[in-house]
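# Chain and residue survey
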Amino acid sequence: MEQLDERPFPPGDYDVVLVGSGPGGLQTAYSLARTGIPRCAVISRDSAPGGMFRRFPLYQRLISWTKPDAPFDRGTREYEWYDHNSLVGDERAHQALAPEFMDRAFDVPARREMEAALVEFAMRGGVRVRYGCEWLSTRRDDAGFVLETSDGEYRCRVCVFAIGVTDPWVAPIPGLEAAPHYVAANAPERYQGKSVFIVGKRNSGFELAQGLLPWARRIVLGSPRPVDTTILAFSPLSIRYLSPYTEHIRGGSGSYVVDAAIERVERHTDGYRIHASGTTWEGELELDSDEVIAATGFRAPVRDLPSLGVAMVNDGRMPAQTPYWESISTPGIYFAGNVMQASPGLRKHGATSSSGSVNGFRYNARVLARHIAEKHFGLARERRPLEREQVVPMLLGELAHAPELWTQKGYLARVVDVDGAERIRDEGIVPLADFVDRDGGDACGVAVEYDADGTIIPVVYVRRRGHMAEHALPPHPLHTFDTDEHRRQLAECLAPLMSRKADASRV
């Protein structure tokens, strides 16, 4: 722990200042340190790595899984597909750390196991952080930004806030403020024999209900929108938490999932009275309950950033962001970690990104670090040249195995530029929304996506002479996207680009 006890990065002038030491902050700090930006400072109010996993999930088990033994060896890029909890490193010693701490009682780590893996990543990866340094306020100056902290002022050209979405947000329901939020819920055994009403039917609500099943006499989850099991593939709700829902469907277990608009909550001597009206059924509901818990979500602790012009979305809970996770209204301010979910991507067929989870934002962080280095500091990374005959096999391999594409379906893409007589260049992983929307030269990209029926399919994007064409390749029951048929169809999609390249090379 000697390295973690150091206090590097004293107040002063830096190129980039990163705030936060949760998984998003650690991954971004690790990636920034490898871009060549000379002066990057990382500060955190916490006393050690871990961020939200020092406290949450409240009932200890994560929802994201890790398979310690998989078809690919740990430390390979392909293995990351089977490990949704480890941060990603450039060296074997920095990779696949979560399974090292799992006791295999479940295929998902306990909170303490996840925290231990993050501490180990910081140690092995040499991620230096000034702990115990709290960001307090922000202002502009001629050179960029000034961050006032508990240790003094930090000046920088670029800020990155990996601050999480961890501040409790209570829905504006009269009387609900009298009930504890998810973050203040008691240990499960404290609800023994009680009736509990949970306001909210997202992950935190079902996590509470799952943990209370062995203890509470009756559990009711209520919110206006129904649980739509037909779109679980698109939803951030984890199937692992759905036991209370299946018990409700079966009936007779004391678990109820109610589609109702909560109109008001009244606190009285013996508990609470909830007044609600049905949304998928007609009628009013008046229900007494011993306990009420508000599982109504969270907001990002943005402090005074809106006063600098940072626009907010989602009821003011998160900052609005470009496809490269920069504030849409205040250039030079970026966001990392699970707040990246506010950069929505294309949302085709309603599919959301995985940017709210470690398995998604760990890849975003790598892309973000490269983008900051290039855009703000002119540190262009080397783009690997490709021969014409390499393009189809490379992209086919990405569709088959790339963890970035499989985790961030319809959100991240692998892109290749084709620029006249110059060599074909591998652009690497980029945000799909940016690739599709931006003007540019001839290029192609591939992504793994859902179709309208929720089937996983490979998709090819080809930009030629300013026109973007989209081609869906066929699905496969085992998600094997490197078959001869996929190879043939991909080659046909890319033929106009490759023919142009071949013609140019003969000039």
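Please refer to the structure placed before this passage.
One numbering rule holds for all chains: residues counted from 1, following each sequence as written. Totals for whole chains, interfaces and linings use all residues, but because this is a predicted model, local features are given only for residues with pLDDT of at least 70 and pairs of side-chain atoms are given and counted only at 80 or more. Neither water nor hydrogens contribute to the side-chain values; these are computed over all heavy atoms in the structure.

### Some words on the environment of valine 88
By definition, any uninterrupted DSSP run of H or I lasting at least four residues is a helix, any uninterrupted run of E lasting at least two residues is a strand, and each is numbered from the N terminus. Its place among the elements puts valine 88 in the loop between strand S3 (40–43) and helix H3 (98–101). Taking the C-alpha atoms as reference points, valine 88 and serine 44, separated by 44 residues in sequence, lie 21 Å from one another. Leave out the neighbours within four places in its chain, and valine 88 touches Gln27, Tyr30, Glu80, Phe121, Arg362, Tyr363 and Arg366. Contacts are assigned to residue pairs with any non-hydrogen atoms lying within 4.5 Å of each other.

### Some details on the sheet that holds strand S2 (residues 16–19)
Across a sheet, paired strands are connected by hydrogen bonds in the backbone, their directions being either parallel or antiparallel. Taking strand neighbours across the sheet as the criterion, the four strands line up as S3-S2-S7-S18 in an open arrangement whose pairing is parallel. Across the chains shown, the open sheet's two edge strands, defined by having one partner strand only, are S3 and strand S18 (333–335). Along the sheet, successive strands turn relative to each other by an average axial angle of 20 degrees, direction set aside. Two strands pair if DSSP finds at least two bridges between them. Of the strand pairs in this sheet, strand S7 (residues 158–161) and S18 are connected by three bridges, and their pairing is parallel. Counterpart to phenylalanine 161 in the pairing with S18 is phenylalanine 335. The angle between two axes is taken between their N-to-C directions and runs from 0 to 180 degrees, where each axis is a line fitted to C-alpha atoms and a helix contributes only its stretch in contact. Packing of helix H2 (residues 23–32) onto the sheet brings it into contact with S2, S3 and S7, and relative to S2 it is tilted by some 160 degrees. Across the sheet, helix H7 (residues 358–377) is in contact with S2, S7 and S18; its angle to S18 comes to roughly 170 degrees.

### Some words on the packing of H2 against helix H4 (residues 111–125)
Close contact between H2 and H4 brings their axes to 11 Å; oriented N to C, the two are set at 15 degrees. One way to sum up the angle between H2 and H4 is to call them roughly parallel. Remark: the crossing between H2 and H4 carries left-handed chirality. Contact residues: H2 offers Pro23, Leu26, Gln27 and Tyr30, while H4 offers Leu118, Phe121, Ala122 and Gly125. Looking at the contact of H2 with H4, its residues break down into six nonpolar, two polar and no charged. We call two directions roughly parallel when the angle between them is under 35 degrees, roughly antiparallel when it is over 145, roughly perpendicular when it lies between 65 and 115, and oblique otherwise. By the definition used in this description, the sense in which the near helix is turned from the far one sets the handedness, with an anticlockwise turn below a right angle giving left-handed and a clockwise turn giving right-handed. Each residue gets one label: Ala, Val, Leu, Ile, Met, Phe, Trp, Tyr, Cys and Pro are nonpolar, Asp, Glu, Lys and Arg are charged, and the others, such as Gly, are polar.

### Some remarks on the packing of aromatic side chains
Ring pairs are drawn from Phe, Tyr and Trp, using the six-membered ring of Trp, whenever the two centres fall within 6.5 Å, and their geometry is named by plane angle: stacked under 30 degrees, edge-to-face over 60, tilted for the rest. Counted by the stated rule, this structure contains 13 aromatic pairs. Taking 5.7 Å as the distance between ring centres and 45 degrees as the angle between the ring planes, the aromatic pair formed by tryptophan 81 and tyrosine 82 counts as tilted. The class for tyrosine 82 is buried, based on a relative accessible area of 16%. Geometrically, the ring pair formed by tyrosine 182 and phenylalanine 298 is edge-to-face, given 5.8 Å between the ring centres and 85 degrees between the ring planes. Residue tyrosine 182 is found in the loop between strand S8 (167–168) and strand S9 (195–199), and its partner phenylalanine 298 is found in strand S15 (residues 298–299); the two are separated by 116 residues along the sequence. Here's how the labels work: a residue is buried when its accessible area is under 20% of the maximum for its type, exposed when over 50%, partly exposed in between, all with a 1.4 Å probe on protein chains only. Taking relative accessible area as the criterion, tyrosine 182 reaches 3% and is therefore assigned buried. Among the aromatic residues, ring-to-ring pairing joins Phe72, Trp81, Tyr82, Trp406 and Phe481 into one connected group. The residue whose ring lies beneath arginine 34 is tyrosine 30, and the NZ or CZ to ring-centre distance is 3.5 Å. When the NZ atom of lysine or the CZ atom of arginine is within 6 Å of a ring's centre and also within 35 degrees of its normal, the charge is said to sit over that ring. Its end group placed over the ring of tyrosine 272, arginine 267 keeps NZ or CZ at 4.5 Å from the ring centre.

### What to know about the sheet that holds strand S1 (residues 12–13)
Taking strand neighbours across the sheet as the criterion, the four strands line up as S1-S6-S5-S4 in an open arrangement whose pairing is mixed. With one partner strand each, in any of the chains shown, S1 and strand S4 (135–141) form the two edges of the open sheet. Bridge count between S4 and strand S5 (residues 144–149): six bridges; the pairing is antiparallel. Across the sheet, aspartate 141 pairs through a bridge with glycine 144, a residue of S5.

### Details of the pairing of strand S22 (residues 443–450)
Of all eight residues in S22, eight are buried; the element is thus mostly enclosed. Sheet topology places strand S20 (residues 412–417) next to S22; four bridges connect them, and they run antiparallel. Note on S22: the bridge partner recorded for arginine 414 is valine 446.

### Observations concerning H4
Its 15 residues give H4 an end-to-end C-alpha distance of 21 Å, which sits within 8% of 21 Å, the value for a rise of 1.5 Å per residue. Within the span of H4, buried status applies to Arg111, Glu113, Met114, Glu115, Ala117, Leu118, Val119, Phe121, Ala122 and Gly125. Directly beyond the C-terminal end of H4, a positive phi value near 65 degrees is found at glycine 126. For a helix, the expected span equals 1.5 Å multiplied by the residue count minus one.

### A short note on unusual backbone geometry
Omega for the bond connecting phenylalanine 56 with proline 57 falls within 30 degrees of zero, at 0 degrees, which places this linkage in the cis form. Along the chain, proline 57 falls in the loop between S3 and H3. Of note in this structure, tryptophan 325 is not a glycine but carries a positive phi near 65 degrees. Within the fold, tryptophan 325 resides in the loop between strand S17 (318–319) and S18. The exposure class assigned to tryptophan 325 is buried, which follows from its relative accessible area of 0%. Positive phi values are uncommon outside glycine, yet arginine 347 reaches one of about 55 degrees.

### Describing the packing of helix H5 (residues 203–212) against helix H6 (residues 243–250)
Where H5 contacts H6, the two axes come as close as 8 Å, and the packing angle between them is 75 degrees. Considering the angle they form, H5 stands roughly perpendicular to H6. Mapping the contact onto sequence places Phe206, Ala209 and Gln210 in H5 and Ser243, Pro244 and Tyr245 in H6.

### Topic: the pairing of strand S13 (residues 284–289)
Pairing analysis gives six bridges linking strand S12 (residues 271–278) to S13, with the strands arranged antiparallel. Paired with alanine 276 across the two strands is leucine 285, which belongs to S13. Counting the residues that bridge the hairpin from S12 to S13 gives five residues, and of these glycine 283 lies at a positive phi of roughly 135 degrees.

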